[in-house]
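Okay, here's what each chain looks like letter by letter:
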Amino acid sequence: MFKALLVEKDDAGYRASVKDIADAQLPEVAEGAVTVRIDYSTINYKDGLAITGKSPVVRKFPLVAGIDFAGVVETSHHAAWSPGDKVVLNGWGVGESHSGGLAQRARVKGDWLVALPDGLSTRQAMAIGTAGYTAMLSVLALEGHGLTPASGDVLVTGANGGVGSVAIALLSRLGYRVVASTGRPEAADALKQLGAAEVIARDELSAPGKPLAKERWAGVVDAVGSHTLANACAATKLRGAVAACGLAQGMDFPASVAPFILRGITLYGIDSVMAPLALRRRAWERLARDLDAAKLEAMTREIGLADAVAAGSDILAGKVAGRLVVNVNA
Ligand SMILES: NC(=O)c1ccc[n+]([C@@H]2O[C@H](COP(=O)([O-])OP(=O)(O)OC[C@H]3O[C@@H](n4cnc5c(N)ncnc54)[C@H](OP(=O)(O)O)[C@@H]3O)[C@@H](O)[C@H]2O)c1
């Protein structure tokens, strides 16, 4: 038996709770399957949606929640993995259609796993979590575009969130001047400690705006979507780039083509769930190298599995700052 945060939906309604699960309830042992003893998972925005049922993230019931985990291989039917290997997993439908990571044990395809990079502990990997890995994918997209610190200011929206906090820490360490947009002005000092050079109010970007605005951003990491993303594009400099990775304000994109056809800006879509393995490995290697461990720790709070249900509601309510790491064995 092992403990897991189980999401159920039946005549009694939609609910999430910590339960004791029999090993027999894990996905069946098939060729390529790897069973992992999990050390840590985390609460990402999507976990909040899955735990509360606010969006249809979970596709089959009952299902163990949790879109990511870090732990140690227990048994392997995959040539690449052996017992004792330290691994990290993000996405691939885990916690959506496949049994998830908010549990003491998981069985997944070995093809989905990434080796924990040297220099990161399993706790640090989940302090980073899918939010931080997505921030790194966004930075990689901007770098791939040719952005350098000399290009100009980089805007990070949803600054106090998981993606935003890690993006700020990464970009500032890489030498960029980061402008952080937040709806929590009281957190301005903490954002500056993380590396933001300037903090602006969320309201400056969240209302309907003009098709083109004064050129301000060389690059953007946007975790918010909707009018914020549209306004970020409208104020992106000639040939600049925007990485769209989130929808905290909304899934809509009420924009015009003006920034694309008059300023040649590029909008990169960031998908962490189905990202190819080579890109994942690159992102995790870069996180191990470029993320300041002290800043990561400063933005992280540890909770136990029993606290994860409440944390799922809290993250959707905007009450969580930085990252929540879940010690599944606490
Ligand atoms: N593309 C992918 O593969 C991928 C992967 C991971 C996450 N995501 C998405 O990225 C987003 C952020 O994820 P996360 O885990 O970092 O969540 P999070 O920790 O809850 O961060 C979201 C942040 O957005 C801001 N925000 C919340 N509601 C808002 C609103 N109505 N209008 C404007 N800003 C608002 C808040 O920052 P302030 O308080 O500072 O304003 C909040 O902290 C989510 O939409 C998530 O689904 C996508």
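Residues numbered from 1 in each chain as written. Predicted model: local features only at pLDDT ≥ 70, side-chain atom pairs only at ≥ 80, totals over all residues. Heavy atoms only, no water.

Colleague: So what exactly am I meant to see when it comes to the pairing of strand β12 (residues 217-222) here?
Modeller: Moving residue by residue along a regular strand, the side chains alternate between the two faces of the sheet. β12 sits mainly inside the fold: 6 of its 6 residues count as buried. When strand β9 (residues 154-156) meets β12, the two strands line up parallel, connected through 3 bridges. Looking across to β12, one finds that valine 156 is bridged to valine 221. Direction of pairing for β12 relative to strand β13 (residues 236-244): parallel, over a ladder of 5 bridges. Bridge assignment links aspartate 222 to a residue of β13, and that residue is alanine 244. (Buried < 20%, exposed > 50% of the residue type's maximum accessible area, 1.4 Å probe, protein only. Helix = DSSP H or I, 4+ residues; strand = E, 2+ residues; numbered from the N terminus. Pairing = 2+ DSSP bridges.)

Colleague: Where do I start with the packing of aromatic side chains in this structure?
Modeller: Note on aromatic pairs: each is described by the distance of the centres and the angle between the planes. According to the stated counting rule, one finds 3 aromatic pairs in the structure shown. Taken together, a centroid distance of 6.4 Å and an interplanar angle of 10° make the contact between tryptophan 92 and tryptophan 112 stacked. A residue pair is termed long-range when its members are at least 10 positions apart, and tryptophan 92 in the loop between β6 (86-90) and β7 (105-109) and tryptophan 112 in the loop between β7 and β8 (114-115) qualify at 20 residues. Take tryptophan 92 and tryptophan 112: they sit in the same class, and that class is buried. With a centroid separation of 6.1 Å and an interplanar angle of 10°, the aromatic rings of tyrosine 133 and tryptophan 284 are classed as stacked. Here tyrosine 133 is found in helix α2 (residues 122-145), whereas its partner tryptophan 284 is found in helix α8 (residues 277-290), with 151 residues between them in sequence. One exposure class covers both tyrosine 133 and tryptophan 284, and it is buried. (Phe/Tyr/Trp six-rings, centres within 6.5 Å; stacked < 30°, edge-to-face > 60°.)

Colleague: Help me out: how do you make sense of the site of the ligand in this one?
Modeller: Near the ligand there are 25 residues, and of these Thr182, Arg184, Cys245, Ile270 and Ser272 occur at the shortest range. At 2.7 Å from an oxygen atom of the ligand is found a side-chain nitrogen or oxygen belonging to arginine 184. For the ligand, the protein covers 87% of the area, taking 910 Å² as the surface of the free molecule. (Near = heavy atom within 4 Å. Polar contact = N/O pair within 3.5 Å; in protein donor to acceptor, adjacent residues only side chain to side chain. Areas by Shrake-Rupley, 256 points an atom, 1.4 Å probe, with all protein chains shown as cover.)

Colleague: What is the right way to look at the pattern of salt bridges in this model?
Modeller: Any two side chains of opposite charge can pair, on the condition that their charged atoms come close. Summed over all chains, the structure comprises 18 salt bridges. Among the ionic pairs, arginine 177 bridges to aspartate 153, the shortest N-O distance being 2.9 Å. With a gap of 24 residues between them, arginine 177 in the loop between α3 (162-173) and β10 (178-182) and aspartate 153 in the loop between α2 and β9 connect regions that are remote in the sequence. For arginine 177, a relative accessible area of 36% gives the class partly exposed. The partner of aspartate 290 in a salt bridge is arginine 289, and the shortest N-O contact between them spans 3.2 Å. Overall, arginine 289 belongs to the exposed group, its relative accessible area being 56%. Each of Asp153, Arg177, Glu198, Glu204 and Arg216 takes part in one network of salt bridges that share partners. (Salt bridge = Lys/Arg side-chain N within 4 Å of Asp/Glu carboxyl O.)

Colleague: Even after reading the chapter, I still don't get a nonpolar patch on the surface, so can you show me in this structure?
Modeller: A grouping of Val257, Ile261 and Leu262 is seen on the molecular surface, where their side chains present a nonpolar patch of about 330 Å² in accessible area. In this fold, leucine 262 is placed in helix α7 (residues 258-262). Since its relative accessible area comes to 57%, leucine 262 is described here as exposed. (Patch = residues over 30% accessible without salt bridge, like charges linked within 9 Å, V, L, I, M, F, W, Y side chains within 5 Å.)

Colleague: Whenever I open this one, α3 confuses me. Can you help?
Modeller: Quick reminder: α-helices carry 3.6 residues per turn. Residues three or four places apart thus point the same way. Counted at 1.5 Å a residue, the expected span for α3 with its 12 residues is 16 Å, and the 17 Å between its end C-alpha atoms agrees. Within α3, 11 of the 12 residues are buried, which leaves the element mostly enclosed by the surrounding structure. For α3, the complete set of buried residues consists of Gly162, Val163, Gly164, Ser165, Val166, Ala167, Ile168, Ala169, Leu170, Leu171 and Ser172. Just past α3, the residue glycine 175 takes up positive phi, approximately 100°. (Expected span 1.5 Å × (residues − 1).)

Colleague: What exactly am I supposed to notice about the sheet that holds strand β4 (residues 63-64) here?
Modeller: Note on sheets: strands pair through backbone hydrogen bonds, and any given pair is parallel or antiparallel. The strand order across the open sheet formed by 3 strands is β2-β1-β4, and the pairing between neighbours is antiparallel. Either end of the sheet is taken by a strand with one partner, and the two such strands are β2 (13-21) and β4. Pairing geometry for strand β1 (residues 2-10) and β4, over 2 bridges, is antiparallel. Within β4, the residue paired with valine 7 across the bridge is leucine 63. Helix-sheet contacts for helix α1 (residues 45-52) involve β1 and β2, and the interaxial angle to β2 is about 105°. (Contact = heavy atoms within 4.5 Å. Axes fitted to C-alpha atoms, helices over the stretch in contact; angles between N-to-C directions.)

Colleague: Sorry if this is basic, but what is going on with unusual backbone geometry here?
Modeller: In most cases, non-glycine residues show a negative phi, while peptide bonds are predominantly trans. Here the amide bond leading from phenylalanine 61 into proline 62 is cis, since omega sits at -10°, within 30 degrees of zero. With phi around 65°, tryptophan 92 is a residue other than glycine that occupies positive phi space. Positive phi is not limited to glycine here, since serine 226 has a value of about 50°. Tracing the chain through its elements places serine 226 in helix α6 (residues 226-234). Here serine 226 falls in the buried class, since its relative accessible area comes to 4%.

Colleague: Looking at this structure, I do not really get the packing of α3 against α8. What am I missing?
Modeller: Taken N-terminus to C-terminus, the directions of α3 and α8 make an angle of 70°; their axes are 10 Å apart at the nearest point. When the axis of α3 is compared with that of α8, the two are roughly perpendicular. As α3 packs across α8, the resulting crossing turns out to be left-handed. Contacts between α3 and α8 pair Val166, Leu170 and Arg173 from the former with Leu287, Arg289 and Asp290 from the latter. Here the contact of α3 with α8 is built from residues that sort into 3 nonpolar, no polar and 3 charged. (Parallel < 35°, antiparallel > 145°, perpendicular 65-115°, else oblique. Left-handed = near helix turned anticlockwise from the far one by under 90°. Nonpolar A, V, L, I, M, F, W, Y, C, P; charged D, E, K, R; others polar.)

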